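Residues per chain are reported as follows:
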Amino acid sequence: NAGVTQTPKFRILKIGQSMTLQCTQDMNHNYMYWYRQDPGMGLKLIYYSVGAGITDKGEVPNGYNVSRSTTEDFPLRLELAAPSQTSVYFCASSYLRNTDTQYFGPGTRLTVL
Amino acid sequence: AQKITQTQPGMFVQEKEAVTLDCTYDTSDPSYGLFWYKQPSSGEMIFLIYQGSYDQQNATEGRYSLNFQKARKSANLVISASQLGDSAMYFCAMREGGSNYQLIWGAGTKLIIKP
């Protein structure tokens with residue numbers, strides 16, 4: 001099993017550009033999450049999904065959008081990129097809610113110039 | 001107020017020694033879970049160990065154990081017989097039972113194992 005995969009690994013955007021970060025998991029997990037990690041900090045939740053067709057905002061959703069059309073895929077869309085969105089983005093998934101472990105993808109390092 | 005506090009920004013430890021990484025948490029929810037993750041320099045997040053608030057015994061996973069002191073609201077990670085490959089950032093995180101599935105993260109501790 002590949003687990004959680006993310007593409008791209010690195011990206012440089014200009015201010016105002018848009019892009020989609022891809023996330024796919026092959027563990028049949030119901031729950032998926034997008035986090036951002038700023039330098040020297042822990043992770044902050046951007047959006048999450050509890051199943052196909054269901055998404056909700058996390059702690060820092062502004063400037064981002066998500067969709068979940070299938071169990072496997074949970075893309076994160078950045079519209080009108082800003083320097084404040086320079087960060088490392090992690091996608092994660094988990095099966096059950098409470099005692100479950102969240103399994104993380106390798107991350108996407110995004111720089112907005 | 002910080003919900004997860006990791007007071008040690010960095011630690012140096014001699015190889016083969018035991019290491020304790022501190023984590024204190026703040027919640028009024030009686031149902032919660034505590035997680036520790038390792039982030040090596042390559043950047044991925046690796047799950048290490050989980051402790052539920054109702055678990056009677058401290059969690060253990062190989063060389064990792066969690067020193068869970070509920071009354072003190074602390075959940076320290078203990079790594080026995082440290083190895084060079086243990087050098088990494090370590091994050092403590094909490095999920096509250098009534099939360100929107102969110103993990104709340106500490107700022108992390110950078111652990112460096114000296115040969």
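Residues numbered from 1 in each chain as written. Chains lettered and ligands numbered in written order. Predicted model: local features only at pLDDT ≥ 70, side-chain atom pairs only at ≥ 80, totals over all residues. Heavy atoms only, no water.

Asks: Got a sec to walk through the nonpolar core? Specific residues and values, please.
Replies: All names here are of chain B. Ranked by size, the top nonpolar core spans 26 residues in total, and within it W36, L77 and Y90 carry the most contacts. Every element with two or more residues in this core is listed here: β2 (10-14), β3 (19-21), β5 (32-39), β6 (46-52), β8 (64-69), β9 (74-79), β10 (88-96) and β12 (109-114). Per-element accounting of this core gives the leading share, four residues, to β10. (Core = buried A, V, L, I, M, F, W, Y, C linked by side-chain atoms within 4.5 Å. Buried < 20%, exposed > 50% of the residue type's maximum accessible area, 1.4 Å probe, protein only. Helix = DSSP H or I, 4+ residues; strand = E, 2+ residues; numbered from the N terminus.)

Asks: Could you give an account of the interface of chain A and chain B, naming the residues involved and the relevant values?
Replies: On the side of chain B, 20 residues touch chain A, which itself brings 23 residues to the contact. Taken together, the two surfaces of chain A and chain B that pack against each other cover about 1700 Å², and 53% of this comes from carbon and sulfur. At the junction of chain A and chain B, the tally comes to zero salt bridges. Inspection of the region where chain A meets chain B yields two residue pairs in polar contact (both at pLDDT 80 or more). Broken down by secondary-structure element, the contributors of at least two residues to the side of chain A that touches chain B are β4 (31-37) and β5 (43-51) of chain A. Tallied by class, the residues present in the side of chain A that touches chain B amount to eleven nonpolar, eight polar and four charged. (Contact = heavy atoms within 4.5 Å. Buried area = accessible area lost by both parts, 1.4 Å probe. Salt bridge = Lys/Arg side-chain N within 4 Å of Asp/Glu carboxyl O. Polar contact = N/O pair within 3.5 Å; in protein donor to acceptor, adjacent residues only side chain to side chain. Nonpolar A, V, L, I, M, F, W, Y, C, P; charged D, E, K, R; others polar.)

Asks: Quick one: what's the story with the packing of aromatic side chains, residue by residue and with numbers?
Replies: Scanning the entire structure with this criterion turns up 14 aromatic pairs over all chains. Ring geometry for Y37(B) versus W105(B): centroids 5.2 Å apart, planes at 45 degrees, classification tilted. Separated by 68 residues along the polypeptide, Y37(B) in strand β5 and W105(B) in strand β11 (residues 104-105) bring together distant segments of the chain. Neither Y37(B) nor W105(B) differs from the other in exposure class; each is buried. An aromatic cluster is defined as three or more aromatic residues linked by ring pairs; in this entry it consists of Y33(A), Y35(A), F90(A), F104(A), F35(B), Y37(B), F47(B), Y50(B), F91(B) and W105(B). We note R68(A) situated over the ring of F74(A); from NZ or CZ to the ring centre the distance is 6.0 Å. Above the plane of the ring of Y64(B) lies R63(B), whose end atom (NZ or CZ) is 5.7 Å from the centre. (Phe/Tyr/Trp six-rings, centres within 6.5 Å; stacked < 30°, edge-to-face > 60°. Lys NZ or Arg CZ within 6 Å of the ring centre and 35° of its normal.)

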